[in-house]
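# Close look at the chain arrangement
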Amino acid sequence: MIELKNITKNYKVGKKTINALDNVSLSVHKGEIYGVIGYSGAGKSTLIRCINLLETPTEGEVFVDGIKLNDLNKNDLQQTRQKIGMIFQGYNLLTTATVYDNVAIPLKLAGLSKDLIQQRVKKYLEIVGLSDRASAFPAQLSGGQKQRVAIARALSHEPEILLSDEATSALDPTTTESILDLLLEINQELGLTIFLITHELSVIQRLCDRVAVMQDGQIVEQGPVVDVFTQPRSTITKTFVQDSAKYKLPAKFLQTLPEEGVLIHCTFVGISSTKPALAHVATTFGVVPNIIAGGIDQFKNESVGNLLVHLEGEPDKVIAAINYLSGQGIIVKKEGEING
């Protein structure tokens, strides 16, 4: 549906050249939600704006539904952009226009008939849950309601692709959750392909099928969300996972743990989460598993459990226990060395 090939984007600032994107390639499948995560300055916003050529790449090719956008003339590009809706962090609503008009005006500019405009506005305000606010002005709306208007406006052209540029970063947690639910609903019921950028790991976990991690204008790793964030390879991905961890143990607490043993982080995905593996470890290998902390992360299509466990016992038995856990499909990472 979307394919970016070797995208590079350079900016001239005085005599200096800034490399915002450096040879970025990715593909997005029809109907999926694809996320890009990275800290500020990673190149995310430049990347998403290259998809509809709001930013023209210095090098590289942009394909949407098999069409190479780089080769299109102005009129053909404008027509292709009708297939691509976009929502922004700042809503971009007309303050002097009603909710109805904020959705309707772009349709009027596109030359749609009055009857079709009415049908579209009514349909998409209903989808975003704002049918009763059609006569309200943006100043009378909450942040979440403003974002819903922006989503209705983006959907009113009935695009095949929806681009989301940090759409929830300015919202409170409760409102964010409602917008994420709405995006999931839109994806599932309308079959819309969604490409989003964010710096929030929770957004990626909640919504996305696949993810790319960006740093300094490059993609440092990409793949299915569960795989990338349960077995991160790059330093930046590990930082995201660490920053979102539900437990950070004080040094004084760690000093109270028995010297004989090891602290391990266990991640349970899919079938591994249904096995009483730690109980089996205690009875079979003669080690004592002490659960220090834990939690469950809900991904789009999967629940992932995390436990921080101290395995107390003789070194060879602890090693055998860790090997057994790994053999059961549990992702095991040592947090310390075994003391003999």
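Everything discussed here concerns the structure shown above.
Described in the following lines is the structure provided in the data block. All of these numbers come straight from a predicted model, not from anything done at the bench. (Residues numbered from 1 in each chain as written. Predicted model: local features only at pLDDT ≥ 70, side-chain atom pairs only at ≥ 80, totals over all residues. Heavy atoms only, no water.)

## Here we look at the overall build of the protein
Using the following cut-off: To qualify as a helix, a DSSP run of H or I must reach at least 4 residues; to qualify as a strand, a run of E must reach at least 2; elements of each kind are numbered from the N terminus. Whether a residue is buried, partly exposed or exposed follows from its accessible area with a 1.4 Å probe, protein chains only, as a fraction of its type maximum: under 20%, in between, or over 50%, in that order. Contacts are residue-level and defined by heavy atoms, with any inter-residue pair within 4.5 Å sufficient. Asp and Glu count as negative and Lys and Arg as positive, but His and the ends of the chain are not part of the count. By convention, charge coordinates are those of NZ in Lys, CZ in Arg, CG in Asp, or CD in Glu.
Scanning the protein from terminus to terminus reveals 12 helices and 14 strands. Dimensions of the protein along its principal axes, counting C-alpha atoms only, are 75 × 50 × 35 Å. For the protein, buried positions account for 46% of its 340 residues. A sequence separation of at least 24 residues applies to 70% of the contacts in the protein between residues at least 6 apart. With 33 positive and 37 negative side-chain charges, the protein shows a separation of 7 Å between the mean positions of the two kinds.

## Some thoughts on the packing of helix 11 (residues 277–285) against helix 12 (residues 315–327)
Stated formally: Orientation is described by axes fitted as lines to C-alpha atoms, over the contacting stretch for helices, and by angles from 0 to 180 degrees between their N-to-C directions. Helix crossings get a hand from a simple test, with the near helix turned counterclockwise from the far one by less than a right angle marking a left-handed crossing and a clockwise turn marking a right-handed one. When residues are grouped by polarity, Ala, Val, Leu, Ile, Met, Phe, Trp, Tyr, Cys and Pro land in nonpolar, Asp, Glu, Lys and Arg in charged, and all others, Gly among them, in polar.
Interhelical geometry of helix 11 versus helix 12 gives an angle of 145° and a closest axis separation of 10 Å. The element helix 11 and its partner helix 12 pack so that their crossing is right-handed. Taking contact as the criterion, the partners of Ala277, Leu278, His280, Val281 and Phe285 in helix 11 are, on helix 12, Lys317, Ala320, Ala321, Tyr324 and Leu325. The residue inventory of the contact of helix 11 with helix 12, partitioned by class, reads eight nonpolar, one polar and one charged.

## Regarding the sheet that holds strand 4 (residues 59–64)
Stated formally: In this scheme, strands are said to pair when DSSP sees at least two bridges between them.
Pairing within the open sheet is antiparallel, and its four strands lie in the order 2-1-4-5. If you trace the sheet from one side to the other, it starts and ends with strand 2 (16–28) and strand 5 (67–68), each paired once. For strand 1 (residues 2–13) and strand 2, the ladder comprises nine bridges, and the chain directions are antiparallel. Counted as the bridge partner of Ile2 is Val28 from strand 2.

## Side note on the side chain of Arg153
The line we're drawing: Throughout this description, the term salt bridge denotes a Lys or Arg side-chain nitrogen within 4 Å of a carboxyl oxygen of Asp or Glu. Polar contacts, as used here, are pairs of N or O atoms within 3.5 Å; protein pairs need one atom able to donate a hydrogen and one able to accept it. Residues neighboring in sequence count only if both atoms are side-chain atoms.
Examined against the element boundaries, Arg153 turns out to sit in helix 5 (residues 143–155). Despite its burial, Arg153 remains without a salt bridge, the nearest opposite charge being carried by Asp165 at 12 Å. A polar contact is formed between the side chain of Arg153 and the backbone oxygen of Tyr91, at a distance of 2.7 Å. Arg153 has contacts with Tyr91, Asn92, Leu93, Asn102, Val103 and Pro106, leaving out every residue within four places of it along the chain.

## Quick word on the packing of aromatic side chains
Quick reminder of the rule: Note on aromatic contacts: the rings of Phe and Tyr and the six-membered ring of Trp form a pair at centre separations within 6.5 Å, being stacked when their planes are under 30 degrees apart, edge-to-face when over 60 apart, and tilted otherwise.
Taken as a whole and assessed by the stated rule, the structure comprises three aromatic pairs. A ring pair is formed by Tyr34 and Phe195, whose centres lie 5.8 Å apart and whose planes are at 5°; its orientation type is stacked. One end of the pair, Tyr34, is in strand 3 (residues 33–37); the other, Phe195, is in strand 8 (residues 193–198), and 161 residues separate them in sequence. Judged by relative accessible area, Tyr34 falls into the buried class, the value being 0%. Under the relative-accessibility criterion, Phe195 is labelled buried at 0%. When the ring of Tyr39 is compared with that of Phe240, the centres are 4.3 Å apart and the planes differ by 10°; the resulting orientation is stacked. With Tyr39 in the loop between strand 3 and helix 1 (44–51) and Phe240 in helix 9 (residues 235–243), this pair connects stretches of sequence that are 201 residues apart. In this structure Tyr39 comes out as partly exposed when scored by relative accessible area, which is 31%.

## Remarks on the pattern of salt bridges
One pass over the full model with this rule turns up 12 salt bridges. In this structure, Glu177 and Arg206 form a salt bridge, with 2.8 Å as the shortest nitrogen-oxygen distance. Here Arg206 lies in helix 7 (residues 201–207) and Glu177 lies in helix 6 (residues 173–190), a separation of 29 residues in the sequence. One salt bridge connects Asp209 with Lys300, and the closest N-O pair in it is separated by 3.0 Å. Separated by 91 residues along the polypeptide, Asp209 in the loop between helix 7 and strand 9 (210–215) and Lys300 in the loop between strand 12 (288–298) and strand 13 (303–312) bring together distant segments of the chain.

## Some words on the nonpolar core
Nonpolar side chains in soluble globular proteins tend to be buried together. This is how it is decided: Grouping buried Ala, Val, Leu, Ile, Met, Phe, Trp, Tyr and Cys residues that are joined through side-chain atoms within 4.5 Å yields what is termed a nonpolar core.
The biggest cluster of nonpolar side chains holds 51 residues, and the ones touching the most others in it are Leu125, Ile151, Leu207 and Phe229. The residues touching Leu125, leaving out its near neighbours within four places in the chain, are Val99, Tyr100, Val103, Leu130, Ser131, Ala134 and Ala152.

Just distances and angles here, no functional claims.
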